Each structure stands twice: as C-alpha cells, then as structure tokens.
Amino acid sequence: VLHTTRPLHTTQQCLAPLPPLPEKGGEVRHGLIPEEFFQFLYPKTGVTGPYMLGTGLLLYFLSKEIYVINHETVAAACILTVIIYGVKKYGADVAAFADKLNEEKVAQALAVKNGAINDLETAIEQEKKEQWRVEGRSYLFDAKRNNIAMLLETNYRERLLTVYNEVKKRLDYQVAMQNLKRQKEHDHMIQWVEKSVVQSITPQQQKDSIAKCILDLKALSKSAQAA
Amino acid sequence: GPLSERHLMDVRLGELPAWLAACDFSPQGLLGGVQKAWNSYYDKYINVKRGGPAGISMLLAGYCLLSYGWNYQHIKCHRWRKYH
C-alpha cells in the first residue's frame with residue numbers, strides 16, 4: 001500500500017537506464033544493530049563503548065525490573081535459539097538459491113536484449129545489401145531494354161515474313177493464272193486443229209487411203225514372204 | 001541548506017526547536033515523513049542484490065520492543081520484587 005503513494009519521476013531529468021541495485025545492504029553488527037551506531041560512539045568511547053553501554057542498559061533494565069522475566073522470556077530464548085541455528089546452518093544455501101533465481105531472471109532479460117540486438121543487426125545488414133542491390137539498377141534496365149529491343153526485332157521480322165508470304169502468294173496466283181490460260185489456249189487450239197483435220201478428211205480420201213494401205217500391206221506381205 | 005530540508009542527524013542541538021517548528025505536522029506531512037523514512041530504510045537494507053537477515057530482523061526487533069512497551073502495564077503485575 002505504501003508503494004502506491006511513492007512519487008515517481010518527480011524531477012525533470014529521469015535517468016533512463018536505472019542505476020543498478022547496491023550489492024550489499026547497510027552494515028549491521030550481530031544482525032540487529034547498524035554499524036553507524038558503533039561508528040557514532042567510536043571517537044568518544046573506542047571499540048568497547050557500545051558493548052559497555054549495552055551491558056549497562058541490560059543490567060539496569062533487569063535490576064529495576066523494567067524488563068520482567070516471565071514465561072515469555074523462556075519462550076523468546078527458545079525461539080531465538082532455533083532461529084539463529086536455522087539461519088547459521090541454512091543461510092548460505094537459501095542465499096545461493098535466491099541468487100540463482102535472480103541470475104535466471106537477469107539471464108532471461110539479457111537473452112531478450114541480445115536477441116533484439118541480433119535481429120536489428122541482421123536487419124541492418126539486409127538493408128545494406130538492399131542498398132548495394134540498388135546500384136545494379138542500371139544493369140537491370142539495360143537487360144530489360146535489350147529484351148524489349150529483341151522482342152520488337154522479332155515482331156518486325158515476323159511481319160516482314162508475313163508480308164513476303166502474302167506477296168508471293170499473290171504473284172504465284174498471277175503466274176498460275178497465266179499458265180492456266182496458256183494451257184487452255186494450247187489445249188483448245190490442239191482440239192480445234194484435230195477437229196478441223198478430222199472434218200477435212202472427206203469420205204473419198206478415206207477410201208483412197210484405205211485402198212493405199214491395203215496395197216502397201218500386200219506389198220509388205222509379199223516382201224516378207226519373199227524374205 | 002535551509003533548515004526544513006535537512007535530516008535530523010544534520011541538525012545541531014541549538015537549532016532543534018527551530019527545526020521542529022519548521023517541520024510539517026499535517027496528516028499529509030506526517031504520512032510523507034513516514035513514507036520517506038520507510039523508503040530510506042527499504043533502500044538501504046532490503047532492496048539490495050545480496051541482503052542478509054539484517055533487513056527483517058531489525059523490523060522484528062522493533063516490533064518486539066513496541067509490543068513490550070504497549071503491554072507493559074499488564075506485565076508490571078508479574079514483577080518478582082516488591083520494591084523497586
């Protein structure tokens with residue numbers, strides 16, 4: 001409850017990394033009396049001063065019965081014995097255990113901090129690499145320009161080929177037409193000539209040619225028989 | 001520094017009444033004083049990396065003394081001697 005009313009950051013400057021905790025607490029002698037008391041009395045009474053004061057006070061309280069010895073004294077004595085025995089025997093172990101817990105907490109926080117630092121460093125390296133990559137922009141764009149030029153060239157040549165093919169097809173057609181026309185004229189003329197010739201062969205001429213053929217055949221057969 | 005802001009240990013004996021007069025005895029002032037006292041004790045003996053039994057043992061001893069003082073009227077009846 002008391003901690004909630006503690007003022008935080010009352011001054012203008014607040015030290016951002018908190019100062020580390022002190023290693024050891026204030027010096028205390030016999031676990032009960034702060035060392036400052038002994039230092040306070042040292043100039044006047046030396047080393048044994050506080051002890052004499054303590055003994056004198058104790059005897060005074062006992063003799064005037066300001067401190068009364070009753071059942072609670074016995075109980076207090078037993079409890080104190082047990083406590084002191086426990087502290088002396090197990091104090092070091094408990095301290096080591098607590099130190100280990102603290103160590104683990106600190107190690108965890110340190111691990112987180114180191115992890116964050118490593119992540120940031122790798123991020124920085126990647127950023128630098130990206131910046132180095134940016135310098136290669138010109139090469140990238142040259143390659144792209146080359147690609148595009150090649151595409152344009154290919155397209156142009158394809159179209160050139162198409163044009164050539166189309167023109168050749170038309171010329172071939174014209175040539176084929178001319179050939180066909182000549183052929184047809186040729187055939188027609190031959191037919192016409194044959195027809196006119198056949199027509200011109202009169203029946204008289206036919207008879208004469210047949211008679212001539214028979215005579216020739218007889219002559220041939222005679223010569224063949226003779227041979 | 002000024003009288004009201006010094007610690008009690010730094011005040012000379014002759015200035016004690018003046019220091020007491022300059023002290024703040026309103027409830028908030030008393031609470032603030034208790035607050036400061038506890039904080040200084042806490043920071044010196046408990047809020048350290050390697051503390052010992054000293055931190056709480058002094059608190060327990062103080063509690064023992066206080067409770068003895070509060071119950072003294074009752075304990076007085078169990079005294080051994082008749083005359084003091």
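Residues numbered from 1 in each chain as written. Chains lettered and ligands numbered in written order. Predicted model: local features only at pLDDT ≥ 70, side-chain atom pairs only at ≥ 80, totals over all residues. Heavy atoms only, no water.

Comments concerning the pattern of salt bridges
Residue and element names in this part refer to chain A. The tally for this structure, following the rule as stated, stands at 12 salt bridges over all chains. Two residues, Glu-166 and Lys-169, come together in a salt bridge whose shortest N-O distance is 3.4 Å. One end of the pair is Glu-166 and the other is Lys-169, both in helix H4 (residues 137–200) and 3 residues apart, which spans about a single turn. For Glu-166, a relative accessible area of 31% translates into the label partly exposed. Connected via shared salt-bridge partners are Glu-166, Lys-169 and Arg-170. (Salt bridge = Lys/Arg side-chain N within 4 Å of Asp/Glu carboxyl O. Helix = DSSP H or I, 4+ residues; strand = E, 2+ residues; numbered from the N terminus. Buried < 20%, exposed > 50% of the residue type's maximum accessible area, 1.4 Å probe, protein only.)

Comments concerning the interface of chain B and chain A
Listed as interface residues are 23 residues of chain B and, on the opposing side, 26 residues of chain A. Each partner contributes to the roughly 2,400 Å² buried at the junction of chain B and chain A, and carbon and sulfur atoms together form 54% of this total. Broken down residue by residue, the surface that chain B buries against chain A is led by Gln35(B), Lys49(B) and Arg50(B), which jointly contribute 25%. Linking chain B with chain A are 3 salt bridges. A salt bridge links Lys49(B) to Glu23(A), with the shortest nitrogen-to-oxygen separation between them at 3.5 Å. Counting across the chain B and chain A interface gives 13 residue pairs in polar contact (both at pLDDT 80 or more). Counting residues per element, the ones that place at least two in the side of chain B that touches chain A are helix H2 (27–45), helix H3 (54–70) and helix H4 (72–75) of chain B. (Contact = heavy atoms within 4.5 Å. Buried area = accessible area lost by both parts, 1.4 Å probe. Polar contact = N/O pair within 3.5 Å; in protein donor to acceptor, adjacent residues only side chain to side chain.)

Structural notes on the side chain of Glu35(A)
Residues and elements named next belong to chain A. Relative to the elements of secondary structure, Glu-35 occurs in helix H1 (residues 35–45). A polar atom in the side chain of Glu-35 sits 3.0 Å from the side chain of Arg-29. Ignoring sequence-local partners within four residues, the contact set of Glu-35 consists of Glu-27, Val-28 and Arg-29.

What to know about the UniProt feature "transmembrane region" (unreviewed entry) in chain B
UniProt records the feature "transmembrane region" (unreviewed entry) at residues 54–72 of chain B, using the numbering of this structure. Annotated as residues 54–72 of chain B, this span is 95% helix and 0% strand, and its ends, taken at the C-alpha atoms, are 27 Å apart. (UniProt positions renumbered as here; feature names shortened; annotations may be inferred.)

Details of the packing of H2(B) against H3(B)
Residues and elements named next belong to chain B. Where H2 meets H3, the axes come as close as 9 Å, and the angle between the chain directions of the two elements is 140°. With respect to H3, the element H2 is oriented oblique. Residues Trp-38, Tyr-41 and Tyr-45 of H2 form the contact with H3, whose own contacting residues are Ala-54, Gly-55, Met-58 and Leu-59. (Axes fitted to C-alpha atoms, helices over the stretch in contact; angles between N-to-C directions. Parallel < 35°, antiparallel > 145°, perpendicular 65-115°, else oblique.)

Overview of the confidence of the model for chain B
Chain-level statistics for chain B give a pLDDT mean of 86 and a share of 99% at 70 or above. Interface predicted TM-score (ipTM) for the complex: 0.78; the corresponding pTM is 0.59. (pLDDT = per-residue confidence, 0-100.)

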